[in-house]
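Coordinate inspection notes
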Amino acid sequence: MRAVDIIQKKRDGISLSAEEINFFINGLQNGETADYQAAAWLMAVYFSGMDAAETAALTMALADSGEKIDLSAAGRKVVDKHSTGGVGDKTTLVLLPLVAAAGAATAKLSGRGLGHTGGTIDKLSCIPGFRTDLSREEFINQVAESGLAVMAQSPGLTPADGMLYALRDVTATVDSIPLIASSVMSKKIASGANAIVLDVKAGSGAFMKERENAVLLAKTMVAIGESLNRRTIALITAMDQPLGHTVGNHLEVIEAFETLKGQGPADLVELCLQLGAEMLLAAGVEREYEAAYVRLSQKLSDGSALEAMRQWIVRQGGDAGVVDEPQKLGVPHPARELLASTDGYILGLDAGMVGRASVLLGAGRSKKGDEIDLMAGIRLNKKTGDMVRKGDLLAEVYTGSGEAAAGALVYLADAYTYSTVPPLLTPLIYERVDRNSL
Ligand code: URA
């Protein structure tokens, strides 16, 4: 077998066998496939695509390229959740303790976000003492004992994905659906969950701007998961405006606590209940969607989801006092205000633009390895559909830098659009994709 023949086959639109894909990916790791060959192959995949069998084979080749976690010690089905990323997306912080309180076991390896705000690991690092550098044994034991653990993804997991992604980044081949789907799913497979619930976001603040592309990505990921015997369900959800009222790590942690206290914003609560219901079904904790949804609503209102959050924090070495005393999370930066420029209704609040404002404030990264300011962020007092009077408070930005605040306020002013009549509100959840949708 030769790498050049595999590149040529893909260039000519011919499907590759699992052996060929393994050969190519192994070669990338052991230096027999040169970077320039991998780059050419990526471009061939970009233009020729991959069928379901090839995408599954690539996923397995990437998953097999490094360490894999065996969660069978948990003694029950373990369900993972993944979001393709959005602005103000603090869902994981609410969802995991919520489903744990409802009896499901969840385990998640997470990265530091490259997006508009930090990732789950950044958010958790706001909590004093919280350890995300668990050893593999600690992670597995915690899932087995408490049904809930999150840790930072180690470089030993799917190393070939890291190599391929670095090449994609500099060869304009990131936005290829089979490459994205296999990259995401390889990490899910390597991290050991039996079932996977995906939140695939569509809109200006998402990786996939168009809904049709989000559906295609979801179907590709569901097909991969199912073909590798992992129950996989995806919800396609709106990311035209940020989720909830906060953007930025420390603010989002506080909003997650408020949500677990039953005082969360309607969109975040609804998304968590729907994703959570899918997780309970996938984990086999409930058989009927309605029953799962009701069970989760009760766990939110009776305080048990909040208690699961406290226990989770303590298990990972953090100070659970932050739940009731959020000031323990740190001293906020001064707030600067954005006021409504006219009377009317908010027609839209562009998530992509809010995301850019967040990066400017230092709450998110523009490139891998950037330092982020955990205390920087944005509070959105008005969102799409709200009625406003000229001079009403629309949003506040938090940063230590006057220059960053001024720039972010310009972005935010552009993000808000107005209408004289109440706008039609679009749904939060567009559709559900499972094995029957393929
Ligand atoms: N996230 C990933 O993990 N991989 C991709 O290719 C894109 C987004």
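What you see is a predicted model; the values in this text were computed from it and never measured.

**Some thoughts on the pattern of salt bridges**
Under the criterion given, the structure shown has 26 salt bridges. The shortest N-O distance in the salt bridge between Asp80 and Lys188 comes to 3.1 Å. With Asp80 in strand S1 (residues 78–83) and Lys188 in helix H9 (residues 177–190), this residue pair connects regions lying 108 residues apart in the sequence. Taken as a pair, Asp80 and Lys188 share a single burial class, namely buried. In this structure, the salt-bridge partner of Asp319 is Lys328, at a minimum N-O distance of 3.5 Å. Residue classification places Asp319 among the partly exposed positions, given a relative accessible area of 29%. Salt bridges linked by common partners bring Arg131, Asp133 and Glu138 together as one network.

**Some remarks on the pairing of strand S5 (residues 231–238)**
Within S5, 7 of the 8 residues are buried, which leaves it mostly tucked inside the rest of the structure. In this structure, strand S4 (residues 195–202) lies alongside S5, joined through 8 bridges in parallel fashion. Looking across to S5, one finds that Val200 is bridged to Ile236. This β-α-β element, S4 to helix H10 (residues 211–227) to S5, shows right-handed connectivity. With 4 bridges connecting them, S5 and strand S13 (residues 429–433) associate as antiparallel partners. Following the sheet pairing, Ile236 is matched in S13 by Glu431.

**Some details on the site of the ligand**
The local shell around the ligand consists of Tyr165, Arg168, Ile180, Ser183, Val184, Lys187 and Phe207. Take Arg168: an N or O atom from its side chain is 2.8 Å from an oxygen atom of the ligand. Separating an oxygen atom of the ligand from a side-chain N or O atom of Lys187 is a distance of 2.4 Å. Isolated, the ligand exposes 240 Å² of accessible area, and the fraction of that covered by the protein chains is 79%. For the shell around the ligand, the elements supplying multiple residues, two or more each, are helix H8 (159–170) and H9. Top element by residues in the shell around the ligand is H9. It accounts for 4 residues.

**Looking at the sheet that holds strand S10 (residues 387–388)**
In space, the 3 strands of this open sheet follow the order S10-S8-S12, with antiparallel pairing throughout. Among the strands making up the open sheet, the edge pair consists of S10 and strand S12 (416–419). Across 4 bridges, strand S8 (residues 344–349) lies against S12 in antiparallel orientation. What sits directly across from Gly348, in S12, is Thr417. On top of the sheet, helix H16 (residues 402–415) reaches S8 and S12; it is set at about 30 degrees to S12, its chief contact.

**Considerations on unusual backbone geometry**
The phi dihedral of Ala172 falls on the positive side, at around 55 degrees, and the residue is not glycine. Given a relative accessible area of 59%, Ala172 falls into the exposed group. Backbone geometry at Asn229 places phi at a positive 65 degrees, although glycine is not the residue there.

Reading the values: the criteria
- The residue numbers shown here count from 1 along each chain, following its written sequence.
- Side-chain atom pairs in this predicted model are given and counted only at pLDDT of 80 or more, local residue features only at pLDDT of at least 70, and totals for whole chains, interfaces and linings cover all residues.
- The side-chain figures draw on all heavy atoms in the structure; neither hydrogens nor water molecules are used.
- The rule for a salt bridge is simple: a side-chain nitrogen of Lys or Arg has to be within 4 Å of a carboxyl oxygen of Asp or Glu.
- Note on conventions: DSSP H or I runs of at least 4 residues are helices, E runs of at least 2 residues are strands, and numbering of each starts at the N terminus.
- We call a residue buried when its accessible area falls under 20% of the maximum for its residue type, exposed when it is over 50%, and partly exposed in between, using a 1.4 Å probe and counting protein chains only.
- If DSSP finds at least two bridges between two strands, the strands pair.
- A crossover counts as right-handed when, viewed with the strands pointing away from the observer, the path leading from the first strand over the helix to the second turns clockwise.
- Residues are classed as near a molecule or strand on a simple rule: at least one heavy atom within 4 Å of it.
- Counting of polar contacts relies on pairs of N or O atoms within 3.5 Å, with two restrictions inside protein: one atom must be capable of donating a hydrogen and the other of accepting it, and residues adjacent in sequence are counted only when both atoms are side-chain atoms.
- Method for areas: the Shrake-Rupley scheme with a 1.4 Å probe, in which residue coverage is limited to the protein chains shown.
- Any two residues whose heavy atoms approach within 4.5 Å at even a single point are treated as in contact.
- To get an axis, fit a line to the C-alpha atoms, keeping to the stretch in contact for a helix; angles then go from 0 to 180 degrees between the N-to-C directions.

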